Amino acid sequence: MMERKDIVTFKGSPLTLVGNPVKVGDKAPDAEVLANDLSPVKLSGFRGKVCVICSVPSLDTPVCDTQTRKFNEQAASLGDDVVVLTISMDLPFAQQRWCGSANVVNVRTLSDHRKADFGNGFGVLIKELRLLARAVFVVDAEGIIRYIQIVDELTDEPDYEAALKAVKEMKKYKCLMCGYIYDPAVGDPDNGVEANIRCRTGPATILT
């Protein structure tokens, strides 16, 4: 298994990442993790939806807590064609308890504790701690990775704005006034619509 140094630190101390690193444009590995009820979940089961995959060291730490709450807030407005997952090495029972106490209902928590299948498959398993590095992956509906951030310092939060922008750039928009559909993936050669996504004549809504 590949090992990489000088990618992430914990309070300035370097750590070693184990596993196969992925890059934008790769097909997302089909890792198997555990749901809160201990049932196996394969990432390929989310095919057909845009998938935001957040890996965190532990939900019972302040930064991971904050991160998951923020993505939970944003997930409600992203539409039914987007799913947000948080994967950690926490036991499924601990994840379920945390979601209940934090009132997190828009993010699905999954555990990699049994096989570290996700950590190895995405190259974010921390050798020294057997925890997952803090990272965000955005996978499109066809299972292709479109965005990656591995956070350099484990105690820092990810770039929420950049991750959400990557999600929105994969969604289609429909004008509420004229019905025109704009797909950011192909742009608008007829009207020169820019990448900040606006419709021709009026306010737009996300198609779900």
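Every value quoted in this text rests on a predicted model; they were computed, and no experiment measured them.

Most of strand 12 (residues 135-139) is tucked away, with 5 of its 5 residues classed as buried. Of the two faces of strand 12, the one carrying Ala135, Phe137 and Val139 and the one carrying Val136 and Val138 are both buried. The pairing of strand 7 (residues 50-55) with strand 12 spans 5 bridges and is classified as antiparallel. Each bridged residue has a counterpart across the sheet, and for Cys51 the counterpart in strand 12 is Val139. Two elements, strand 12 and strand 13 (residues 145-150), share 5 bridges in a ladder whose sense is antiparallel. Note that in strand 13 the partner of Val136 across the bridge is Gln149. Between strand 12 and the antiparallel strand that follows it, strand 13, lie 5 residues; Gly143 among them carries a positive phi value of about 90°.

Below, the discussion takes up a nonpolar patch on the surface. Where nonpolar side chains cluster on the molecular surface, the patch consists of Leu38, Leu91 and Phe93 and spans about 300 Å² of accessible area. Secondary-structure assignment places Phe93 in helix 2 (residues 92-102). Look at Phe93 and you get exposed, because its relative accessible area is 51%.

Time to look at the nonpolar core. Among the nonpolar cores identified, the biggest contains 32 residues, and Leu43, Ile53, Phe118 and Phe122 are the most heavily contacted of them. Residue assignment for this core shows that the elements contributing at least two residues are strand 4 (17-18), strand 7, strand 8 (82-88), helix 3 (117-122), strand 10 (125-126) and strand 12. Residues in contact with Phe118, not counting those within four places in the same chain, are Ala31, Val33, Leu43, Ile53, Ser55, Ile87, Asp112, Gly123, Val124, Leu132 and Phe137. Of all hydrophobic cores here, the second largest spans 24 residues; its members include Cys54, Val56, Leu78 and Val136.

Next up on the list: the environment of Pro14. Looking at the secondary structure, you find Pro14 in strand 3 (residues 13-14). Exposure remark for Pro14: the relative accessible area of 55% places this residue in the exposed category. Other than its neighbours up to four places away in sequence, Pro14 contacts Val8 and Thr9.

Reading guide: rules and limits
- Residues numbered from 1 in each chain as written.
- Predicted model: local features only at pLDDT ≥ 70, side-chain atom pairs only at ≥ 80, totals over all residues.
- Heavy atoms only, no water.
- Buried < 20%, exposed > 50% of the residue type's maximum accessible area, 1.4 Å probe, protein only.
- Helix = DSSP H or I, 4+ residues; strand = E, 2+ residues; numbered from the N terminus.
- Pairing = 2+ DSSP bridges.
- Patch = residues over 30% accessible without salt bridge, like charges linked within 9 Å, V, L, I, M, F, W, Y side chains within 5 Å.
- Areas by Shrake-Rupley, 256 points an atom, 1.4 Å probe, with all protein chains shown as cover.
- Salt bridge = Lys/Arg side-chain N within 4 Å of Asp/Glu carboxyl O.
- Core = buried A, V, L, I, M, F, W, Y, C linked by side-chain atoms within 4.5 Å.
- Contact = heavy atoms within 4.5 Å.

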